[in-house]
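Chain residues, written in single-letter form:
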Amino acid sequence: MTESSIKKLASTLLDAITDKDPVVQEQVCSALCSLGEVRPVETLRTCEEYLRQHDKLAHPYRAAVLRAMERVLSSRASELDKDTASTIILLASSEMTKTKDLVWDWQQAASGVLVAVGRQFISKVMEELLRKLHPGTLPHCAVLHTLASLSVANAFGVVPFLPSVLSSLLPVLGMAKHDTVRVAFCSALQRFSEGALEYLANLDRAPDPTVRKDAFATDIFSAYDVLFHQWLQSREAKLRLAVVEALGPMSHLLPSERLEEQLPKLLPGILALYKKHSETFYLSKSLGQILEAAVSVGSRTLETQLDALLAALHSQVGGMNKMTWSLICTCCPVACSLPDRLLAFLLPRLDTSNERTRVGTLQVVRHVINSAGECLHASPAAAPGRVQDGDCPARAPPQPADLTATPC
(Lines give C-alpha, C1' and ligand atoms only; values in the text may rest on other atoms or scores of the structure.)
Protein backbone atom coordinates (compact mmCIF):
# COMPACT_ATOMS: atom_id res chain seq x y z
CA MET A 1 0.00 0.00 0.00
CA THR A 2 1.19 3.50 -0.79
CA GLU A 3 1.69 6.15 1.87
CA SER A 4 -1.43 7.99 0.74
CA SER A 5 -3.47 4.78 0.99
CA ILE A 6 -2.23 4.15 4.55
CA LYS A 7 -3.09 7.71 5.53
CA LYS A 8 -6.55 7.48 3.98
CA LEU A 9 -7.28 4.18 5.73
CA ALA A 10 -6.02 5.46 9.08
CA SER A 11 -8.08 8.65 8.71
CA THR A 12 -11.21 6.62 7.99
CA LEU A 13 -10.62 4.55 11.12
CA LEU A 14 -10.03 7.68 13.22
CA ASP A 15 -13.30 9.22 12.00
CA ALA A 16 -15.08 6.13 13.35
CA ILE A 17 -13.54 6.35 16.80
CA THR A 18 -16.33 8.62 18.01
CA ASP A 19 -18.90 5.86 17.59
CA LYS A 20 -21.00 5.59 20.73
CA ASP A 21 -20.70 1.81 20.85
CA PRO A 22 -17.66 0.87 23.00
CA VAL A 23 -17.26 -2.37 21.01
CA VAL A 24 -16.88 -0.38 17.79
CA GLN A 25 -14.38 1.94 19.47
CA GLU A 26 -12.30 -1.03 20.59
CA GLN A 27 -12.40 -2.55 17.11
CA VAL A 28 -11.26 0.76 15.62
CA CYS A 29 -8.35 0.91 18.05
CA SER A 30 -7.38 -2.68 17.29
CA ALA A 31 -7.48 -1.94 13.56
CA LEU A 32 -5.28 1.13 14.06
CA CYS A 33 -2.81 -0.97 16.04
CA SER A 34 -2.74 -3.64 13.33
CA LEU A 35 -2.13 -0.97 10.71
CA GLY A 36 0.58 0.52 12.91
CA GLU A 37 2.33 -2.82 13.20
CA VAL A 38 2.74 -2.87 9.42
CA ARG A 39 3.31 0.86 8.75
CA PRO A 40 4.10 2.49 12.11
CA VAL A 41 5.45 5.86 10.94
CA GLU A 42 2.57 6.66 8.58
CA THR A 43 -0.05 5.48 11.11
CA LEU A 44 1.44 7.45 13.99
CA ARG A 45 1.80 10.59 11.91
CA THR A 46 -1.83 10.33 10.81
CA CYS A 47 -2.95 9.96 14.45
CA GLU A 48 -0.86 12.97 15.46
CA GLU A 49 -2.28 15.06 12.63
CA TYR A 50 -5.83 13.98 13.45
CA LEU A 51 -5.57 15.04 17.11
CA ARG A 52 -3.93 18.32 16.17
CA GLN A 53 -6.62 19.16 13.62
CA HIS A 54 -9.54 18.08 15.84
CA ASP A 55 -8.84 20.27 18.84
CA LYS A 56 -12.47 20.07 20.05
CA LEU A 57 -12.55 16.26 20.08
CA ALA A 58 -13.76 15.08 23.51
CA HIS A 59 -11.10 13.72 25.83
CA PRO A 60 -12.39 10.10 25.94
CA TYR A 61 -11.78 9.83 22.20
CA ARG A 62 -8.44 11.61 22.42
CA ALA A 63 -7.42 9.10 25.09
CA ALA A 64 -8.46 6.21 22.83
CA VAL A 65 -6.28 7.50 19.99
CA LEU A 66 -3.34 8.00 22.36
CA ARG A 67 -3.71 4.48 23.73
CA ALA A 68 -3.60 3.09 20.20
CA MET A 69 -0.46 5.13 19.56
CA GLU A 70 1.13 3.77 22.73
CA ARG A 71 0.42 0.18 21.68
CA VAL A 72 2.08 0.77 18.32
CA LEU A 73 5.06 2.52 19.93
CA SER A 74 5.56 -0.26 22.47
CA SER A 75 6.81 -2.52 19.68
CA ARG A 76 7.72 -0.15 16.87
CA ALA A 77 9.38 2.89 18.50
CA SER A 78 12.78 1.85 17.15
CA GLU A 79 11.49 2.37 13.59
CA LEU A 80 10.76 6.07 14.11
CA ASP A 81 12.95 8.76 12.61
CA LYS A 82 13.96 11.69 14.84
CA ASP A 83 11.49 14.12 13.26
CA THR A 84 8.54 11.78 13.79
CA ALA A 85 9.64 11.07 17.36
CA SER A 86 9.89 14.79 18.11
CA THR A 87 6.44 15.44 16.65
CA ILE A 88 4.86 12.67 18.75
CA ILE A 89 6.65 13.85 21.91
CA LEU A 90 5.35 17.39 21.47
CA LEU A 91 1.81 16.10 20.86
CA ALA A 92 1.80 13.83 23.92
CA SER A 93 3.29 16.51 26.15
CA SER A 94 0.62 18.98 25.03
CA GLU A 95 -2.20 16.47 25.49
CA MET A 96 -0.93 15.50 28.95
CA THR A 97 -0.82 19.06 30.31
CA LYS A 98 -3.59 20.73 28.29
CA THR A 99 -5.75 21.02 31.39
CA LYS A 100 -4.75 21.41 35.02
CA ASP A 101 -7.88 19.54 36.09
CA LEU A 102 -7.86 15.81 36.69
CA VAL A 103 -8.82 13.97 33.51
CA TRP A 104 -6.83 10.91 34.34
CA ASP A 105 -7.65 8.54 31.49
CA TRP A 106 -6.56 11.22 29.00
CA GLN A 107 -3.46 12.26 30.93
CA GLN A 108 -2.43 8.68 31.60
CA ALA A 109 -2.78 7.79 27.92
CA ALA A 110 -0.58 10.75 26.92
CA SER A 111 1.94 9.80 29.61
CA GLY A 112 2.02 6.25 28.26
CA VAL A 113 2.96 7.59 24.81
CA LEU A 114 5.89 9.55 26.29
CA VAL A 115 7.12 6.54 28.23
CA ALA A 116 6.90 4.33 25.13
CA VAL A 117 8.85 6.85 23.02
CA GLY A 118 11.26 7.36 25.92
CA ARG A 119 12.48 3.80 25.70
CA GLN A 120 14.10 4.74 22.38
CA PHE A 121 14.41 8.55 22.41
CA ILE A 122 14.97 9.29 26.08
CA SER A 123 16.98 12.50 25.60
CA LYS A 124 14.23 14.14 23.55
CA VAL A 125 11.52 13.08 26.03
CA MET A 126 13.50 14.25 29.07
CA GLU A 127 14.27 17.59 27.43
CA GLU A 128 10.56 18.13 26.81
CA LEU A 129 9.63 17.17 30.37
CA LEU A 130 12.32 19.44 31.82
CA ARG A 131 10.72 22.30 29.88
CA LYS A 132 7.54 21.59 31.84
CA LEU A 133 9.34 22.23 35.15
CA HIS A 134 9.11 25.96 35.82
CA PRO A 135 10.94 27.68 38.72
CA GLY A 136 8.67 28.53 41.63
CA THR A 137 5.72 26.56 40.21
CA LEU A 138 4.45 23.14 41.19
CA PRO A 139 4.75 20.72 38.26
CA HIS A 140 1.71 19.09 36.71
CA CYS A 141 1.09 15.78 38.48
CA ALA A 142 1.10 13.94 35.17
CA VAL A 143 4.64 15.23 34.56
CA LEU A 144 5.74 13.79 37.91
CA HIS A 145 4.13 10.44 37.13
CA THR A 146 5.73 10.33 33.69
CA LEU A 147 9.16 11.03 35.15
CA ALA A 148 8.54 8.29 37.71
CA SER A 149 7.46 5.78 35.06
CA LEU A 150 10.44 6.60 32.84
CA SER A 151 12.79 5.99 35.78
CA VAL A 152 11.51 2.42 35.85
CA ALA A 153 11.21 1.90 32.08
CA ASN A 154 14.62 3.35 31.19
CA ALA A 155 16.79 3.91 34.28
CA PHE A 156 20.00 4.13 32.24
CA GLY A 157 18.49 6.92 30.17
CA VAL A 158 16.85 8.90 32.98
CA VAL A 159 19.51 8.82 35.73
CA PRO A 160 21.94 11.18 33.95
CA PHE A 161 19.13 13.76 33.97
CA LEU A 162 18.29 13.29 37.66
CA PRO A 163 20.49 16.11 39.00
CA SER A 164 18.66 18.56 36.72
CA VAL A 165 15.25 17.09 37.62
CA LEU A 166 15.93 17.19 41.36
CA SER A 167 17.32 20.74 41.23
CA SER A 168 14.03 21.81 39.60
CA LEU A 169 11.71 19.87 41.93
CA LEU A 170 13.30 20.35 45.36
CA PRO A 171 12.78 24.14 45.61
CA VAL A 172 9.00 23.68 45.17
CA LEU A 173 8.64 20.58 47.36
CA GLY A 174 7.53 22.71 50.32
CA MET A 175 4.82 24.34 48.17
CA ALA A 176 2.91 21.06 47.86
CA LYS A 177 -0.01 21.41 50.29
CA HIS A 178 -2.53 18.91 48.94
CA ASP A 179 -2.05 15.27 49.86
CA THR A 180 -2.56 14.05 46.30
CA VAL A 181 0.27 16.28 45.05
CA ARG A 182 2.50 15.12 47.89
CA VAL A 183 1.76 11.49 47.06
CA ALA A 184 2.80 12.19 43.45
CA PHE A 185 6.09 13.69 44.67
CA CYS A 186 6.69 10.67 46.92
CA SER A 187 6.08 8.26 44.06
CA ALA A 188 8.49 10.18 41.85
CA LEU A 189 11.21 10.28 44.52
CA GLN A 190 10.77 6.56 45.15
CA ARG A 191 11.16 5.73 41.46
CA PHE A 192 14.08 8.17 41.02
CA SER A 193 15.88 6.44 43.88
CA GLU A 194 15.13 2.97 42.55
CA GLY A 195 16.37 4.01 39.12
CA ALA A 196 19.56 5.48 40.58
CA LEU A 197 20.21 2.30 42.59
CA GLU A 198 19.69 0.15 39.49
CA TYR A 199 22.11 2.37 37.57
CA LEU A 200 24.76 2.26 40.32
CA ALA A 201 24.42 -1.52 40.63
CA ASN A 202 25.11 -1.97 36.90
CA LEU A 203 27.83 0.56 36.14
CA ASP A 204 29.50 -1.91 33.81
CA ARG A 205 26.52 -1.50 31.45
CA ALA A 206 25.78 2.15 32.21
CA PRO A 207 26.32 4.86 29.58
CA ASP A 208 28.38 6.87 32.10
CA PRO A 209 30.27 4.56 34.48
CA THR A 210 31.71 7.52 36.40
CA VAL A 211 28.36 8.31 38.08
CA ARG A 212 28.53 7.89 41.87
CA LYS A 213 26.07 8.08 44.76
CA ASP A 214 27.44 11.50 45.63
CA ALA A 215 25.75 12.90 42.53
CA PHE A 216 22.35 12.48 44.21
CA ALA A 217 23.12 12.28 47.95
CA THR A 218 22.73 15.95 48.87
CA ASP A 219 19.49 16.42 46.92
CA ILE A 220 18.01 13.17 48.20
CA PHE A 221 18.77 14.20 51.78
CA SER A 222 17.00 17.53 51.22
CA ALA A 223 13.93 15.65 49.99
CA TYR A 224 14.21 13.18 52.88
CA ASP A 225 14.14 16.07 55.35
CA VAL A 226 10.76 17.26 54.03
CA LEU A 227 9.24 13.79 53.69
CA PHE A 228 10.25 12.46 57.09
CA HIS A 229 9.98 15.54 59.28
CA GLN A 230 6.86 17.06 57.70
CA TRP A 231 4.81 14.77 55.48
CA LEU A 232 5.12 11.59 57.54
CA GLN A 233 3.19 13.38 60.30
CA SER A 234 0.08 13.61 58.10
CA ARG A 235 -3.22 12.18 59.31
CA GLU A 236 -3.81 10.79 55.82
CA ALA A 237 -2.83 7.11 55.78
CA LYS A 238 -2.27 7.06 52.01
CA LEU A 239 0.29 9.85 52.24
CA ARG A 240 2.08 8.24 55.18
CA LEU A 241 2.45 4.98 53.25
CA ALA A 242 3.66 6.87 50.15
CA VAL A 243 6.31 8.59 52.29
CA VAL A 244 7.41 5.27 53.81
CA GLU A 245 7.65 3.61 50.39
CA ALA A 246 9.89 6.45 49.20
CA LEU A 247 12.11 6.48 52.29
CA GLY A 248 13.18 2.86 51.76
CA PRO A 249 15.13 3.30 48.51
CA MET A 250 16.05 6.90 49.38
CA SER A 251 17.91 5.66 52.48
CA HIS A 252 20.45 3.90 50.24
CA LEU A 253 21.35 7.21 48.58
CA LEU A 254 21.76 9.29 51.74
CA PRO A 255 25.30 10.29 52.69
CA SER A 256 26.59 7.68 55.18
CA GLU A 257 27.05 10.17 57.99
CA ARG A 258 23.55 11.60 57.42
CA LEU A 259 21.99 8.15 57.50
CA GLU A 260 23.74 7.32 60.77
CA GLU A 261 22.63 10.66 62.18
CA GLN A 262 18.99 10.07 61.19
CA LEU A 263 18.60 6.42 62.22
CA PRO A 264 17.77 7.13 65.91
CA LYS A 265 14.72 9.09 64.68
CA LEU A 266 13.99 7.26 61.44
CA LEU A 267 13.69 3.72 62.81
CA PRO A 268 11.31 4.59 65.71
CA GLY A 269 9.31 6.72 63.28
CA ILE A 270 8.77 3.75 60.96
CA LEU A 271 8.16 1.29 63.80
CA ALA A 272 5.47 3.55 65.30
CA LEU A 273 3.43 3.20 62.12
CA TYR A 274 2.86 -0.52 62.74
CA LYS A 275 0.26 0.53 65.34
CA LYS A 276 -1.53 2.81 62.87
CA HIS A 277 -1.75 0.56 59.80
CA SER A 278 -3.38 -2.84 59.55
CA GLU A 279 -1.67 -3.51 56.20
CA THR A 280 2.04 -3.61 56.99
CA PHE A 281 3.60 -5.02 53.81
CA TYR A 282 4.98 -1.69 52.58
CA LEU A 283 6.09 -0.71 56.08
CA SER A 284 8.09 -3.93 56.34
CA LYS A 285 9.49 -3.54 52.84
CA SER A 286 10.72 -0.03 53.58
CA LEU A 287 12.04 -1.01 57.00
CA GLY A 288 14.02 -3.83 55.39
CA GLN A 289 15.53 -1.43 52.85
CA ILE A 290 16.50 1.04 55.58
CA LEU A 291 18.09 -1.73 57.65
CA GLU A 292 20.02 -2.92 54.60
CA ALA A 293 21.32 0.61 54.05
CA ALA A 294 22.30 0.88 57.72
CA VAL A 295 24.09 -2.49 57.75
CA SER A 296 25.92 -1.67 54.50
CA VAL A 297 27.53 1.42 56.08
CA GLY A 298 28.40 -0.41 59.30
CA SER A 299 25.97 1.55 61.46
CA ARG A 300 26.39 1.24 65.24
CA THR A 301 22.98 2.78 65.87
CA LEU A 302 21.27 -0.53 65.12
CA GLU A 303 22.57 -2.00 68.38
CA THR A 304 20.67 0.60 70.40
CA GLN A 305 17.53 -0.04 68.34
CA LEU A 306 17.75 -3.84 68.43
CA ASP A 307 15.08 -4.49 71.07
CA ALA A 308 12.53 -2.27 69.34
CA LEU A 309 13.35 -3.82 65.98
CA LEU A 310 12.99 -7.37 67.31
CA ALA A 311 9.68 -6.52 68.96
CA ALA A 312 8.30 -5.08 65.73
CA LEU A 313 9.62 -7.99 63.70
CA HIS A 314 8.24 -10.57 66.13
CA SER A 315 4.79 -9.02 65.91
CA GLN A 316 4.82 -9.74 62.16
CA VAL A 317 6.05 -13.35 62.15
CA GLY A 318 2.71 -15.10 62.54
CA GLY A 319 2.16 -15.50 58.82
CA MET A 320 5.88 -15.63 57.93
CA ASN A 321 5.33 -14.07 54.54
CA LYS A 322 8.06 -13.15 52.07
CA MET A 323 8.59 -9.68 53.49
CA THR A 324 8.93 -11.01 57.05
CA TRP A 325 11.64 -13.43 55.91
CA SER A 326 13.47 -10.58 54.18
CA LEU A 327 13.36 -8.58 57.41
CA ILE A 328 14.74 -11.52 59.39
CA CYS A 329 17.59 -11.83 56.89
CA THR A 330 18.36 -8.15 57.23
CA CYS A 331 18.29 -8.18 61.05
CA CYS A 332 20.33 -11.37 61.29
CA PRO A 333 23.82 -9.83 61.09
CA VAL A 334 22.95 -7.34 63.83
CA ALA A 335 21.17 -9.85 66.06
CA CYS A 336 23.84 -12.56 65.69
CA SER A 337 26.52 -10.14 66.77
CA LEU A 338 24.64 -9.76 70.08
CA PRO A 339 23.52 -13.36 70.86
CA ASP A 340 22.81 -12.72 74.56
CA ARG A 341 20.31 -9.98 73.77
CA LEU A 342 18.76 -12.05 70.98
CA LEU A 343 18.19 -15.04 73.26
CA ALA A 344 16.95 -12.82 76.09
CA PHE A 345 14.32 -11.54 73.71
CA LEU A 346 13.28 -14.83 72.12
CA LEU A 347 13.29 -17.39 74.95
CA PRO A 348 10.58 -15.77 77.14
CA ARG A 349 8.30 -15.78 74.08
CA LEU A 350 8.47 -19.58 73.96
CA ASP A 351 6.97 -19.75 77.44
CA THR A 352 3.51 -18.54 76.44
CA SER A 353 0.11 -20.14 75.95
CA ASN A 354 -0.33 -18.35 72.61
CA GLU A 355 0.39 -21.00 69.98
CA ARG A 356 0.86 -18.48 67.17
CA THR A 357 3.51 -16.64 69.20
CA ARG A 358 5.35 -19.89 70.01
CA VAL A 359 5.30 -21.06 66.39
CA GLY A 360 6.49 -17.69 65.12
CA THR A 361 9.25 -17.57 67.71
CA LEU A 362 10.43 -21.08 66.83
CA GLN A 363 10.53 -20.13 63.16
CA VAL A 364 12.72 -17.14 63.95
CA VAL A 365 15.00 -19.26 66.17
CA ARG A 366 15.31 -21.90 63.46
CA HIS A 367 16.27 -19.32 60.87
CA VAL A 368 18.80 -17.64 63.14
CA ILE A 369 20.44 -20.99 64.01
CA ASN A 370 20.58 -22.05 60.36
CA SER A 371 22.24 -18.81 59.31
CA ALA A 372 24.30 -18.11 62.45
CA GLY A 373 27.53 -19.42 60.93
CA GLU A 374 27.20 -17.16 57.92
CA CYS A 375 26.24 -14.18 60.07
CA LEU A 376 29.11 -14.59 62.52
CA HIS A 377 31.77 -15.12 59.87
CA ALA A 378 30.55 -12.60 57.30
CA SER A 379 33.06 -9.98 56.24
CA PRO A 380 31.97 -6.38 56.92
CA ALA A 381 32.78 -5.56 53.32
CA ALA A 382 30.36 -8.17 52.08
CA ALA A 383 27.29 -6.01 52.74
CA PRO A 384 25.71 -8.55 55.14
CA GLY A 385 22.30 -6.95 54.82
CA ARG A 386 21.95 -8.28 51.29
CA VAL A 387 19.89 -11.40 50.81
CA GLN A 388 21.97 -14.26 49.44
CA ASP A 389 20.93 -17.02 47.05
CA GLY A 390 19.34 -19.92 48.91
CA ASP A 391 18.62 -17.69 51.89
CA CYS A 392 15.51 -15.53 51.85
CA PRO A 393 13.38 -14.63 48.83
CA ALA A 394 14.87 -11.78 46.85
CA ARG A 395 13.09 -8.48 46.68
CA ALA A 396 10.78 -8.08 43.74
CA PRO A 397 12.10 -5.71 41.04
CA PRO A 398 10.58 -2.20 40.93
CA GLN A 399 7.22 -2.11 39.20
CA PRO A 400 6.19 0.66 36.81
CA ALA A 401 4.52 3.57 38.54
CA ASP A 402 0.76 3.05 38.80
CA LEU A 403 -0.71 6.17 37.23
CA THR A 404 -4.21 5.26 38.31
CA ALA A 405 -3.34 4.87 41.97
CA THR A 406 -2.70 8.48 42.90
CA PRO A 407 -4.55 10.85 40.60
CA CYS A 408 -4.07 14.52 41.41
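Just so we're clear, the structure is a prediction, and the values are computed from it rather than from any experiment. (Residues numbered from 1 in each chain as written. Predicted model: local features only at pLDDT ≥ 70, side-chain atom pairs only at ≥ 80, totals over all residues. Heavy atoms only, no water.)

**So, the overall build of the chain**
Alright, step 1. In terms of helices and strands, the chain carries 19 helices and 0 strands.
Alright, step 2. Accessible surface, the chain: about 18800 Å² in total, of which carbon and sulfur atoms supply 52%. (Helix = DSSP H or I, 4+ residues; strand = E, 2+ residues; numbered from the N terminus. Areas by Shrake-Rupley, 256 points an atom, 1.4 Å probe, with all protein chains shown as cover.)

**Some remarks on the environment of Pro 348**
Alright, step 1. Position of Pro 348 relative to the elements: it lies in the loop between helix H18 (339-346) and helix H19 (355-377).
Alright, step 2. Overall, Pro 348 belongs to the partly exposed group, its relative accessible area being 48%.
Alright, step 3. Sequence separation of Pro 348 and Thr 361 is 13 residues, and the distance between their C-alpha atoms is 9.7 Å. (Buried < 20%, exposed > 50% of the residue type's maximum accessible area, 1.4 Å probe, protein only.)

**Considerations on the pattern of salt bridges**
Alright, step 1. Following the criterion strictly, the structure yields 13 salt bridges and no others.
Alright, step 2. We note a salt bridge from Arg 39 to Glu 42, for which the minimum N-O separation is 2.8 Å.
Alright, step 3. Arg 39 gets classed as partly exposed once you look at its relative accessible area, which sits at 22%.
Alright, step 4. For Glu 42, a relative accessible area of 18% puts it in the buried group. (Salt bridge = Lys/Arg side-chain N within 4 Å of Asp/Glu carboxyl O.)

**Things to note about the packing of helix H2 (residues 22-38) against helix H4 (residues 59-76)**
Alright, step 1. Interaxial distance between H2 and H4 falls to 9 Å at its minimum, and their mutual angle equals 30°. When the interaxial angle is binned, H2 and H4 end up roughly parallel. Considering the relative orientation of H2 and H4, their crossing is right-handed. Where H2 abuts H4, its residues Gln 25, Glu 26, Cys 29, Ser 30, Leu 32, Cys 33, Gly 36 and Glu 37 lie against Tyr 61, Ala 64, Ala 68, Arg 71, Val 72, Ser 75 and Arg 76.
Alright, step 2. Here the residues of the contact of H2 with H4 are counted per class, giving 7 nonpolar, 4 polar and 4 charged. (Axes fitted to C-alpha atoms, helices over the stretch in contact; angles between N-to-C directions. Parallel < 35°, antiparallel > 145°, perpendicular 65-115°, else oblique. Left-handed = near helix turned anticlockwise from the far one by under 90°. Contact = heavy atoms within 4.5 Å. Nonpolar A, V, L, I, M, F, W, Y, C, P; charged D, E, K, R; others polar.)

**Digging into the nonpolar core**
Alright, step 1. In terms of nonpolar packing, the biggest core is built from 116 residues, with Met 69, Leu 227 and Trp 231 touching the most fellow members.
Alright, step 2. With 10 residues, the top contributor of residues to this core is helix H11 (residues 179-201).
Alright, step 3. When neighbours within four sequence positions are excluded, Leu 227 is seen to be in contact with Leu 173, Cys 186, Leu 189, Leu 232, Val 243, Ala 246, Leu 247 and Met 250.
Alright, step 4. If you look at the next biggest cluster of nonpolar residues, it comprises 7 residues, including Leu 306, Leu 342, Val 364 and Val 368. (Core = buried A, V, L, I, M, F, W, Y, C linked by side-chain atoms within 4.5 Å.)

**A closer look at helix H7 (residues 122-131)**
Alright, step 1. Buried within H7 we find Ile 122, Val 125, Met 126, Glu 128 and Leu 129. Down the axis of H7, the buried side of the element spans an arc of 160°, and every buried residue falls inside it.
Alright, step 2. Where the residues of H7 are buried, they touch helix H5 (82-97), helix H6 (104-118), helix H8 (141-153), helix H9 (155-158) and helix H10 (162-169). (Arc of directions from axis to C-beta.)

**A closer look at the packing of aromatic side chains**
Alright, step 1. One pass over the structure, following the stated rule, counts 5 aromatic pairs.
Alright, step 2. Relative to Trp 231, the ring of Phe 185 lies with its centre 6.4 Å away and its plane at 55°, an arrangement referred to as tilted. Taken together, the positions of Phe 185 in helix H11 and Trp 231 in the loop between helix H12 (214-229) and helix H13 (237-251) put the pair 46 residues apart, joining distant regions of the chain.
Alright, step 3. The exposure class of Phe 185 is buried, given its relative accessible area of 1%. (Phe/Tyr/Trp six-rings, centres within 6.5 Å; stacked < 30°, edge-to-face > 60°.)

**Some details on the environment of Gly 195**
Alright, step 1. Relative to the helices and strands, Gly 195 resides in helix H11.
Alright, step 2. The spacing of Gly 195 and Ala 153 is 42 residues in sequence and 9.0 Å in space, taken between C-alpha atoms.
Alright, step 3. The residues touching Gly 195, leaving out its near neighbours within four places in the chain, are Ser 151, Ala 155 and Val 159.

**What to know about the side chain of Ser 151**
Alright, step 1. Of note, Ser 151 is situated in helix H8.
Alright, step 2. Apart from the residues within four sequence positions on either side, Ser 151 is in contact with Val 158, Arg 191, Phe 192 and Gly 195.

**Overview of the state of the cysteines**
As used here, a disulfide is simply a covalent bond connecting the sulfur atoms of two cysteines.
Alright, step 1. Under the counting rule described, the total for this entry stands at 0 disulfides.
Alright, step 2. With no disulfide partner, Cys 33 has as its closest neighbouring cysteine sulfur the one in Cys 29, 6.6 Å distant.
Alright, step 3. Cys 47 takes part in no disulfide bond, and the closest cysteine sulfur, belonging to Cys 33, lies 8.6 Å away.
Alright, step 4. Overall, the relative accessible area of 2% leaves Cys 47 in the buried class. (Disulfide = S-S within 2.5 Å.)

**Observations regarding the confidence of the model for the chain**
Alright, step 1. Taken as a whole, the chain shows an average pLDDT of 85; of its residues, 85% reach a score of 70 or greater.
Alright, step 2. Scored below 50 in pLDDT, residues 403-407 makes 14 contacts in the model with residues more than four places away or belonging to other chains. (pLDDT = per-residue confidence, 0-100.)

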